[in-house]
Amino acid sequence: MTAAPRAKKSLGQHFLKDAKTSARIVDLLRITSEDRVLEIGPGPGAITGIIHERGPARFRLIEKDGYWAAHHAELERPAPPAVEVLNDDALAFPWESLEGPWKIISNLPYNVASPLMWDIVSRTPELTRAVFMIQKEVAERLYAVPGTKDYGALSVWIQSYVRVEWGFVVGPGAFNPPPKVDSAVVTFVPLPKDRHPKNPEALSAMLKVCFQLRRKQLQSILRRAGRADPAAVLEGLGIAPEARPETLSPAQFQQLAEAFGRSES
Ligand code: SAM
């Protein structure tokens, strides 16, 4: 193996160098010998080795950087499980193909964290738990409640599938090279399937329409979007037509998406 290349900015490479932080992140995943664990972006392996030591039943890696994917594929580990390495872009991964229960963990590349989490919560058939380290600002959006400035489409979407538990903040000094911002670790605990959105496409479309115009009243946003009789539908759901999108709970957004999704089909 040749000398390790410089960290690549284009792949959001900020490698953890603090062993205590790495262990705290892995602890949050609560790995047992029954678990199948998927890590996105192992890089040099700050958390990978710790996950492996915890002895899950299966362990899979997805790494876009060919150098680090090869590193893990060639690494001889003294004990099971064998590590399955995919040299792929996680943004193009078919999450629907993950059979059975899986736990997912990552120190996520900041430039792709939001779309990746969006896909993972909504498309993984049996997600049992997930732990992500992300930019603190994004973590605050995941955690945000209605009526706050951080509350937006990402908050509603993620909270429609999982309960978000705040973990801890990690300063730039824990990484090499250090990022410009603080990071935070969050845990996702999936909600029961019967509480997931019944019509995810309609919810996704509704969130895009509403949060592009978050300061406007719902009735005017929906009218502009060509929805028939928005005030009556909103009133039927017990939502004031004058309400602004940022005041609606995830459950209310789901109701709204279903009501308009139905009326359009
Ligand atoms: N897990 C390591 C750690 O904690 O030190 C590395 C974390 S670094 C913030 C992000 C990692 O994700 C890098 O190894 C990078 O190459 C990888 N990566 C970036 N974009 C990716 C993508 N689209 N799919 C898969 N891996 C990606």
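Bear in mind the structure is a predicted one, so any value in this text is a computation, not a measurement. (Residues numbered from 1 in each chain as written. Predicted model: local features only at pLDDT ≥ 70, side-chain atom pairs only at ≥ 80, totals over all residues. Heavy atoms only, no water.)

All right, on to unusual backbone geometry then. A cis amide bond links proline 80 with the next residue in sequence, proline 81, at an omega value of 0°. Tracing the sequence through the fold places proline 81 in the loop between helix 3 (66-74) and strand 4 (83-86). Omega for the bond connecting asparagine 176 with proline 177 falls within 30 degrees of zero, at -10°, which places this linkage in the cis form. Along the chain, the position of proline 177 falls in the loop between strand 8 (175-176) and strand 9 (183-190). Phi is positive for arginine 30, which is not a glycine, with a value near 50°. The phi torsion at aspartate 229 lies on the positive side, around 45°, for a residue other than glycine. Its relative accessible area of 52% is what places aspartate 229 among the exposed residues. (Helix = DSSP H or I, 4+ residues; strand = E, 2+ residues; numbered from the N terminus. Buried < 20%, exposed > 50% of the residue type's maximum accessible area, 1.4 Å probe, protein only.)

Next up on the list: the pairing of strand 2 (residues 36-40). Among the 5 residues in strand 2, 4 count as buried, and that is most of the element. Across 5 bridges, the pairing between strand 2 and strand 3 (residues 58-62) is parallel. Its bridge partner being in strand 3, glutamate 39 is matched across the sheet by leucine 61. Running through helix 2 (residues 48-53), the crossover from strand 2 to the neighbouring parallel element strand 3 is right-handed. In the sheet, strand 2 pairs with strand 5 (residues 102-107) via 4 bridges, with the strands oriented parallel. From the neighbouring strand, glutamate 39 faces strand 5, where its bridge partner is isoleucine 105. (Pairing = 2+ DSSP bridges. Right-handed = clockwise from strand over helix to strand, strands pointing away.)

Bringing the site of the ligand into the picture now. Lining the immediate environment of the ligand, one finds 20 residues, of which Leu16, Gly41, Glu63, Asp89 and Asn107 sit closest. Here a nitrogen atom of the ligand and a backbone polar atom of proline 42 are 3.3 Å apart. Separating a nitrogen atom of the ligand from a backbone N or O atom of alanine 90 is a distance of 2.8 Å. Here the ligand loses 99% of its free accessible area of 590 Å² to cover by the protein chains. Of the residues that constitute the shell around the ligand, the class distribution is 8 nonpolar, 6 polar and 6 charged. (Near = heavy atom within 4 Å. Polar contact = N/O pair within 3.5 Å; in protein donor to acceptor, adjacent residues only side chain to side chain. Areas by Shrake-Rupley, 256 points an atom, 1.4 Å probe, with all protein chains shown as cover. Nonpolar A, V, L, I, M, F, W, Y, C, P; charged D, E, K, R; others polar.)

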